[in-house]
2 protein chains.
Amino acid sequence: MAEIVENAETQAFVKDITRMSVDFDRWYTDVVRKAELADYTPVRGCMVIRPYGYALWEHIQRAFDDMIKATGHENWYFPLLIPEDLLVKEAEHVEGFTPEVAWVTEAGSHGRLDQRLAIRPTSETIIGTLIRRYIQSHRDLPQLTNQWCNVLRWEMRTRLFLRTAEFLWQEGHTFHATAEEARREVDLILDLYRRLAEEWLAMPVLPGLKSRAETFAGAVYTKSIEAMMLDGLALQAGTSHYFGQNFSRAYDIAFTNRENQREHCYSTSWGISTRLIGGLIMTHGDDTGLVLPPRVAPVQVVVVPIFRDGPARERVRAAIEGWRPEVEAAGVRLKVDWSEDRPGEKYNRWELKGVPLRIEVGPRDLEAGQVTIVDRLTRERRSLPMAGLGPRLRAELEDFQARLFRRALEFRDRHTYELATLAEVVDHFRRGTGFVWAPWCEDPACEIRVKEETGGVTIRNYDPDQPATGGCLVCGRPARRRVVLARSY
Amino acid sequence: MAEIVENAETQAFVKDITRMSVDFDRWYTDVVRKAELADYTPVRGCMVIRPYGYALWEHIQRAFDDMIKATGHENWYFPLLIPEDLLVKEAEHVEGFTPEVAWVTEAGSHGRLDQRLAIRPTSETIIGTLIRRYIQSHRDLPQLTNQWCNVLRWEMRTRLFLRTAEFLWQEGHTFHATAEEARREVDLILDLYRRLAEEWLAMPVLPGLKSRAETFAGAVYTKSIEAMMLDGLALQAGTSHYFGQNFSRAYDIAFTNRENQREHCYSTSWGISTRLIGGLIMTHGDDTGLVLPPRVAPVQVVVVPIFRDGPARERVRAAIEGWRPEVEAAGVRLKVDWSEDRPGEKYNRWELKGVPLRIEVGPRDLEAGQVTIVDRLTRERRSLPMAGLGPRLRAELEDFQARLFRRALEFRDRHTYELATLAEVVDHFRRGTGFVWAPWCEDPACEIRVKEETGGVTIRNYDPDQPATGGCLVCGRPARRRVVLARSY
């Protein structure tokens, strides 16, 4: 970490992007920094999110916030600090999180505090403590709470967006009168996460159930969406947890049911974070830099004016200002680059920043009543008539979004395998990465063995409704689950 | 504080709202809690913001975020934690804030940290430290940064929204090549704050310069907007600070100017917070509860269906569903209350929650092809034709917004006085509150004397361009400023 901070201080600008094939991790960090998404800071494990990165997060937030509001969820804001005695009521949960908690022990002129206060690593404990006030009877249920906030988990090894001590996220916490309703909530949210990933980030994901070993601390079960990065590693991109009555018992969150009896609530929690930005970089980027899905791109279309002299500049400017209102009215996020750099420099800058479409407008285009459009994905140059440019660009962007998703899906398919034995799996992950489907008997001992023999490959998740055939890849006993194995972030 | 927490725990629901005339402070807390805006928590000085309160904040955020984006500002996210050695570089600033700082000293399995980390009370120091990387030459200026985040200031006496240890705010921090440009930025933002307060919150404010004694720690000068609450006290509702080169020198934020010389930047900072919600409650509320300005009201129009039996219910429902799409398409935030409570209970609930307009729809309204509309401000009942209800309601809401502002302005005018001597001022504030305009010589000794003799009345601000006449209210020497005096929150 100290090393990285020093780099960040001394080397303010990344000169060139390391090629992906040379060193994927350096490629990633170079892209994040050179595209001005985020940077390391002198604060241990904390990043600064720069405007281009934050704008991505705002679009992701808006998209998901609309989805959860449309399904009846409400935004709250709960305290950042959690007194130690509240944090420790659910045994598994506290065991899972205490190694990562930062503690406030002193304050201003008051000096030492009577009790340590944790900076929230997640908010089950404080939300549970507070929500019980607002729940008396079954008529007060469900409570569908969410908050957008910062959380802090003291991490040893950090990576921009993917794993930082402080990160931004949403955390949903819901409380229900029946187990069935809470389970449906877990699935509803998992499907919203899938839609956010696939429809907005163009990132195909596998939704499924986690094994017991990979379950969230304190949960009955955890479901996740898993995406494949361009290095073949899995990224857990969102999780949705079912708690049963575990938290409600520990925090005494109870209601009077229809039979007039006191009963503990059934609860869930679920979260996605700024990690998603890391995911989209590693799903779509290339050696030139970022490639952004139009639906979340801060700039969807960049316009580079081409001219040799003042009069030509003026004609180009007039033409652009002519169609610009129509394009913006069509909902296209447009940026015209009037900086003094040469066109080639502008091309490089905006390709690095992953803008889906570039428009070049020069005197010859004006004569022909057209613009030249260049696609970040194919790099093809084509002409588009200036007339009706707004709807045309909208259609181009939608097509780009669809092609980006298909490309990612094809990449995942090409790097997905079906293997039957531990020997094959060990051999596979000695040579490469990717997703490997394999049969599993559901014995944790076999799961541990896979992890040990492969040096860290884990069961990412599985479809609980899909039958498995054949014998367990480790022990050969009848398989109960067809699971997906991968190395992961 | 312990007492309040106990109340919050034992008395989950406020039964009745204390009358404003009986006890304004209790009225305020009752309204905040009973209207379900926010609540105390077991975490010292921290509140929970409930969905109705958070929705208000979201509307305020959206309005102001649009304004600053339209004027070229960009959102960033900077670290929550600030290492002690970074915090202490600007002497006045650190002196102003250290009494209020909460410190992280331990983390997870790492135990005691080498250096204490402050939870940001404000972010000048960390933003200054980071922004210098991105500023090389005058071409990198201005940097117009903003962030929406939580901050923490350890306060002894807390009050929901008005003064809490943790609160939500935006903090803008800008860096300029010239003093003049930075000064213009301070004024630009002050005017956006005025517009937000007056046009969105219907809260008239006085923009002006603070006296030296009331200037932000580390600033050259501070400007503020000051609003009058219904108890005649002033609320500082937003501040905009000019730092000159103070912070840039302390944090070495420099650029190469057009003459190719290294020069320190000129910087500003400015913030508004969830305190604004407290301000709007105390500007518009009454003994029945909240009165919300339509432009930020989570629900602008509530519909109460009136029926005696199933068939009537169905007819009423069909009528409402008939015009509902048109009303929502007109941009009206509508809520239909189908709960099982009696109409009278619904009226009370939504009056308490300050919804500007209530619509009642019963069988008789249907026959007449109309709805009954009741105004939260005047409580008048009127009929509106069902035809064209969307545009009609929009017009009604705009009218409501304007009337609310006028009412608040008239209240302020009625409680604003012009006095000439300290004796008059002391006498005035012994009997009452309000804003008092008075002439001041600009000697801090006279300012202190006003504060001492009145038991806490302060100079809120003054218009630096307005000439003063007559002698200073304290010493009689020629006045240089016409200042506004008030007790304040």
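Nothing here was measured: the structure is a model prediction, and the numbers come from that model.

A. Fine view of the interface of chain B and chain A. In this complex, chain B contributes 42 residues to the contact, which on the side of chain A involves 43 residues. Elements with a contribution of two residues or more to the side of chain B that touches chain A: β2 (47–49), α3 (51–70), β3 (74–75), β4 (81–83), β5 (102–107), α6 (124–131), β7 (143–152) and β8 (166–176) of chain B. Top contributing element to the side of chain B that touches chain A by residue count: β5 of chain B, with six residues. Taken together, the residues of the side of chain B that touches chain A break down into 26 nonpolar, nine polar and seven charged. As paired strands, strand β5 (residues 102–107) of chain A and β5 of chain B are joined by five bridges and run antiparallel to one another.

B. Region of the structure containing the pairing of strand β21 (residues 435–440) of chain B. All names here are of chain B. Judged by how many residues are buried, β21 sits mostly within the fold: five of six residues are covered. Summarising the sheet, strand β20 (residues 416–418) and β21 pair through three bridges and their orientation is parallel. Directly across from Tyr 417, in β21, lies its bridge partner Val 436. Remark: the β20/helix α14 (residues 422–431)/β21 crossover connection has right-handed handedness. Alignment of β21 against strand β23 (residues 481–486), held across five bridges, turns out to be antiparallel. Directly across from Pro 439, in β23, lies its bridge partner Arg 482.

C. The sheet that holds strand β6 (residues 111–119) of chain B, seen in detail. Read from one edge of the open sheet, six strands run β4(A)-β6(A)-β5(A)-β5(B)-β6(B)-β4(B), paired in antiparallel fashion. Edge strands, defined here as strands with exactly one partner in the open sheet, are β4 (81–83) of chain A together with β4 of chain B. Neighbour to neighbour, the strand axes of the sheet diverge by 45° on average, direction disregarded.

D. The pairing of strand β18 (residues 370–375) of chain B, seen in detail. All names here are of chain B. Across four bridges, strand β17 (residues 357–361) lies against β18 in antiparallel orientation. Following the sheet pairing, Arg 358 is matched in β18 by Val 374. Pairing between β18 and strand β19 (residues 381–385): five bridges, direction antiparallel. Across the sheet, residue Thr 372 finds its bridge partner in β19, namely Ser 383. A loop of five residues connects β18 with β19, the two strands running antiparallel in sequence, and Arg 379 in this loop sits at a positive phi of about 60°.

E. How the structure looks around the packing of helix α10 (residues 310–329) of chain B against helix α13 (residues 389–414) of chain B. Residue and element names in this part refer to chain B. Closest axis-to-axis distance for the α10/α13 pair is 7 Å, and the angle between their directions is 50°. Between α10 and α13, the interaxial angle falls into the category oblique. In the crossing of α10 with α13, the sense of the turn from one axis to the other is right-handed. Two secondary-structure elements touch here, α10 through Trp 323, Glu 326, Val 327 and Ala 329 and α13 through Leu 389, Gly 390 and Leu 393.

F. Structural view of the domain arrangement of chain A. As far as domains go, chain A holds domain 1 (51–284), domain 2 (301–397) and domain 3 (416–486). Taking the mean C-alpha position of each, domain 2 of chain A and domain 3 of chain A sit 50 Å from one another.

G. Representation of the sheet that holds strand β15 (residues 301–305) of chain A in the model. All names here are of chain A. In space, the five strands of this open sheet follow the order β16-β15-β17-β18-β19, with mixed pairing throughout. Strands with a single pairing partner mark the edges of an open sheet, and in this sheet they are β16 (334–336) and β19 (381–385). Neighbour to neighbour, the strand axes of the sheet diverge by 30° on average, direction disregarded. On top of the sheet, helix α10 (residues 310–329) reaches β15, β16 and β17 (357–361); it is set at about 165° to β15, its chief contact. The sheet contacts of helix α11 (residues 343–352) involve β15 and β17, and relative to β15 the element is tilted by about 170°.

H. Inspection of the relation of the copies chain B and chain A at higher detail. For these two chains of identical sequence, chain B goes onto chain A by a turn of 180° and a shift of 0.0 Å along the axis, with RMSD 0.0 Å. The two molecules are tied by a two-fold rotation axis, judged by turn and shift. Ranked by how close their C-alpha atoms come to the rotation axis, the residues of chain B are headed by Val 104 of chain B, at 2.1 Å. Same-surface contact between copies: 100% of interface residues of chain B are shared with the interface of chain A.

I. Up close: helix α15 (residues 444–454) of chain A. Residue and element names in this part refer to chain A. The set of residues buried in α15 consists of Cys 446, Glu 447, Val 450 and Thr 454. On an axial view of α15, the arc spanned by its buried residues comes to 105°, and they lie on one face. Facing away from the buried side of α15 by over 90 degrees, the exposed positions are Pro 444, Ala 445, Ile 448 and Glu 452. Looking at the buried positions of α15, the neighbouring elements they touch are α14 (422–431), β21 (435–440), β22 (458–462) and β23 (481–486). At the exit of α15 stands Gly 455, carrying a positive phi of roughly 70°.

J. Examining the packing of α14 of chain B against helix α15 (residues 444–454) of chain B more closely. All names here are of chain B. One can describe the packing of α14 onto α15 by two numbers: an axis separation of 9 Å at closest approach and a directional angle of 35°. When the axes of α14 and α15 are compared, the crossing they make is right-handed. Of the residues in α15, those in contact with Leu 422, Val 425, Val 426 and Phe 429 of α14 are Val 450, Glu 453 and Thr 454. Counted by class, the contact of α14 with α15 contains five nonpolar, one polar and one charged residues.

K. Fine view of unusual backbone geometry. Residue Leu 141 of chain A is joined to Pro 142 of chain A through a cis peptide bond whose omega torsion reads -5°. A positive phi angle, close to 55°, is found at Ala 202 of chain A, a residue other than glycine. Along the chain, Ala 202 of chain A falls in the loop between α7 (179–200) and β9 (205–209). Positive phi values are uncommon outside glycine, yet Asp 252 of chain B reaches one of about 50°. Examined against the element boundaries, Asp 252 of chain B turns out to sit in the loop between α8 (246–250) and β12 (254–256). Judged by local crowding, Asp 252 of chain B falls into the partly exposed class, with 14 C-beta atoms found within 10 Å.

L. Looking closely at the environment of Val 371 of chain A. All names here are of chain A. Looking at where Val 371 falls in the secondary structure, it is placed in strand β18 (residues 370–375). Using a count of 23 C-beta atoms within 10 Å as the deciding quantity, one classes Val 371 as buried. In this structure the C-alpha to C-alpha distance between Val 371 and Glu 360, which are 11 residues apart in sequence, comes to 6.3 Å. Contacts of Val 371, omitting those with residues within four sequence positions, involve Ile 359, Val 361, Asp 365, Leu 384 and Met 386.

Rules of the game
- Residues numbered from 1 in each chain as written.
- Chains lettered and ligands numbered in written order.
- Predicted model: local features only at pLDDT ≥ 70, side-chain atom pairs only at ≥ 80, totals over all residues.
- Contact = placed C-beta atoms within 7 Å.
- Helix = DSSP H or I, 4+ residues; strand = E, 2+ residues; numbered from the N terminus.
- Nonpolar A, V, L, I, M, F, W, Y, C, P; charged D, E, K, R; others polar.
- Pairing = 2+ DSSP bridges.
- Buried ≥ 20, exposed ≤ 12 C-beta atoms within 10 Å, placed from the backbone.
- Right-handed = clockwise from strand over helix to strand, strands pointing away.
- Axes fitted to C-alpha atoms, helices over the stretch in contact; angles between N-to-C directions.
- Parallel < 35°, antiparallel > 145°, perpendicular 65-115°, else oblique.
- Left-handed = near helix turned anticlockwise from the far one by under 90°.
- Domains from an automatic or database assignment.
- Least-squares fit on C-alpha atoms with pLDDT ≥ 70 in both.
- Arc of directions from axis to C-beta.

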